[in-house]
Amino acid sequence: MKFRPLLMVLFLCVAAVAAGQTAPALEYRVGPGDVLEVEAFDEEEISGEFLVEPTGNITFPLLGPVPVAGKTAADVVATIEQLLERDFYVDVQLKVKVSVFASQPVTVLGEVEEPGTYYLEGRTSLTEMLARAGGLKSSAGAALELRRTARDDPESTEGPPDPLVLSTAQLVTGEIGRDVYLHPGDVIFVSPKKLFFITGEVARPGQYEISAGLTLMQAISQAGGVGKFASQSIEVHRFVDGQRQMLDFDLSQIRKGKVVDPEILASDVVYVKRRFF
């Protein structure tokens, strides 16, 4: 439906606003690539915008390199004011804000409207980030993966944690996601729908979405069941390592429990043959 992507965005935006109302604020810490806007009361010569260099410093008038990486805006104010008042001013009043956020990237990939790299501007939930990326496409599958490049404990010697797998349906309704906060370097991947195709002697041939653990019998049921002229012989066409395979199954043997009901995989083509009299 045409309205589904819009509804997804609206749900995510509402959830993002709710998250912003309930989440405790954490002050943003400056990093390389950010741009700081410094405003000095009645002192235009030391006002302006300053890039945080790869060294973590800004080059400030009168002072030269000033380390700011890892500091909050309030910390930067205190640092610069102290340095200026030590040698140049009696009482200087500064205001500092981040005018360009570019030090804490998060990558959003897969089935979102606007995939790409976004930058954290403070404490940001998964729901808020998905809203910034335009929401989920109608082609989004059942799962979202959040891949973290490092563990929460900076002293840990273990590798990156396993991906966090979340339900896209629950993300859209706001059941989850509002309390999942992002870290710099996180990668969000929204998987596409996994589809199978069924044709031949079934009531409703076509393509269908695969649910977890979908079997051949369930797939046929999804398609409305077999027709009155259907054979008990079923073909499943599948690509394995780039090679096409054809698997044969006897529906009557599966029904009797003599043969395991096989699992249907993404991109499988199920062909229900017509019987010959």
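## A closer look at the overall build of the chain
For the chain, the helix and strand inventory stands at six helices and 15 strands. Across the 277 residues in the chain, those meeting the buried criterion constitute 38%. Of the contacts made within the chain by residues no fewer than 6 positions apart, 58% connect residues no fewer than 24 positions apart.

## Notes on the packing of aromatic side chains
As enumerated under the stated definition, the model contains three aromatic pairs in all. An angle of 40° between the planes, with centres 4.9 Å apart, marks the rings of Phe 50 and Phe 60 as tilted. Here the residue Phe 50 occupies a position in strand E2 (residues 48–51), and Phe 60 occupies one in strand E3 (residues 57–60), the gap between them amounting to 10 residues. Phe 60 matches Phe 50 in its accessibility class, with the two residues each being buried. Relative to Tyr 208, the ring of Phe 196 lies with its centre 5.8 Å away and its plane at 25°, an arrangement referred to as stacked. With Phe 196 in strand E11 (residues 195–200) and Tyr 208 in strand E12 (residues 206–209), this residue pair connects regions lying 12 residues apart in the sequence. By relative accessible area, Tyr 208 is classed as buried at 17%. We note Arg 123 situated over the ring of Tyr 181; from NZ or CZ to the ring centre the distance is 3.8 Å.

## Structural notes on the confidence of the model for the chain
In this model, the chain carries a mean pLDDT of 89, and residues with pLDDT of at least 70 account for 88%. When the elements of the chain are averaged for pLDDT, helix H1 (residues 4–22) gives the smallest value, 45, and E3 the largest, 98. When the criterion is pLDDT under 50, residues 1–24 qualifies, and its contacts beyond four places in sequence or with other chains add up to 30 contacts.

## Considering the side chain of Glu 201
You can see Glu 201 is positioned in the loop between E11 and E12. If we skip the residues at most four places from it in the chain, Glu 201 touches Gly 225, Val 226, Gly 227, Phe 229, Ala 230, Val 272, Lys 273 and Arg 274.

## A short note on unusual backbone geometry
Keep in mind that most residues, glycine aside, have a negative phi and that most peptide bonds are trans. Positive phi values are uncommon outside glycine, yet Asp 241 reaches one of about 50°. Locating Asp 241 in the fold gives a position in the loop between strand E13 (230–240) and strand E14 (243–250). A relative accessible area of 79% means that Asp 241 is categorised as exposed. The backbone of Ser 267 shows a phi angle near 75°, a positive value even though the residue is not glycine. Take Ser 267: it is sitting in the loop between helix H6 (251–255) and strand E15 (269–274).

## Topic: the nonpolar core
Counting residues in hydrophobic clusters, the biggest one holds 22 residues, and the most contacted among them are Leu 36, Ile 58, Phe 60, Ile 80, Leu 84 and Leu 94. Elements with a contribution of two residues or more to this core: strand E1 (35–40), E3, helix H2 (73–87) and strand E5 (94–100). If you tally residues by element for this core, the top one is H2, at four residues. Apart from the residues within four sequence positions on either side, Phe 60 is in contact with Val 38, Ile 46, Phe 50, Val 66, Ile 80 and Leu 84. Counting residues in each nonpolar core, the second largest holds 20 residues, with Val 106, Leu 126, Leu 146 and Leu 166 among its members.

## A closer look at the sheet that holds strand E10 (residues 187–192)
Read from one edge of the open sheet, five strands run E7-E6-E10-E8-E9, paired in mixed fashion. Because the sheet does not close on itself, it has two edges, and the strands there are strand E7 (116–119) and strand E9 (164–167). The sheet shows a mean angle of 20° between the axes of neighbouring strands, direction not considered.

## A short note on the pairing of strand E6 (residues 105–110)
Bridge analysis of E6 against E7 gives four bridges, and the strand direction is antiparallel. Among the inter-strand pairings, Val 108 is bridged to a residue of E7, identified as Gly 116. Adjacent in sequence and paired antiparallel, E6 and E7 are bridged by five residues. Here four bridges tie E6 to E10, and the two strands are oriented parallel to one another. Within the sheet, the bridge partner assigned to Gly 110 lies in E10 and is Val 190.

## Points about the pattern of salt bridges
Evaluation of the coordinates by the stated rule reveals nine salt bridges. For Arg 86, the salt bridge is made with Asp 87, and the minimal N-O distance between the two is 3.5 Å. Asp 87 shares its class with Arg 86; the two are exposed. The salt bridge partner of Glu 201 is Arg 274, with a shortest N-O separation of 3.4 Å. Of the two residues, Glu 201 sits in the loop between E11 and E12 while Arg 274 sits in strand E15, which places them 73 residues apart along the sequence. Judged by relative accessible area, Arg 274 falls into the partly exposed class, the value being 43%.

The rules behind these values
- Residues numbered from 1 in each chain as written.
- Predicted model: local features only at pLDDT ≥ 70, side-chain atom pairs only at ≥ 80, totals over all residues.
- Heavy atoms only, no water.
- Helix = DSSP H or I, 4+ residues; strand = E, 2+ residues; numbered from the N terminus.
- Buried < 20%, exposed > 50% of the residue type's maximum accessible area, 1.4 Å probe, protein only.
- Contact = heavy atoms within 4.5 Å.
- Phe/Tyr/Trp six-rings, centres within 6.5 Å; stacked < 30°, edge-to-face > 60°.
- Lys NZ or Arg CZ within 6 Å of the ring centre and 35° of its normal.
- pLDDT = per-residue confidence, 0-100.
- Core = buried A, V, L, I, M, F, W, Y, C linked by side-chain atoms within 4.5 Å.
- Pairing = 2+ DSSP bridges.
- Axes fitted to C-alpha atoms, helices over the stretch in contact; angles between N-to-C directions.
- Salt bridge = Lys/Arg side-chain N within 4 Å of Asp/Glu carboxyl O.

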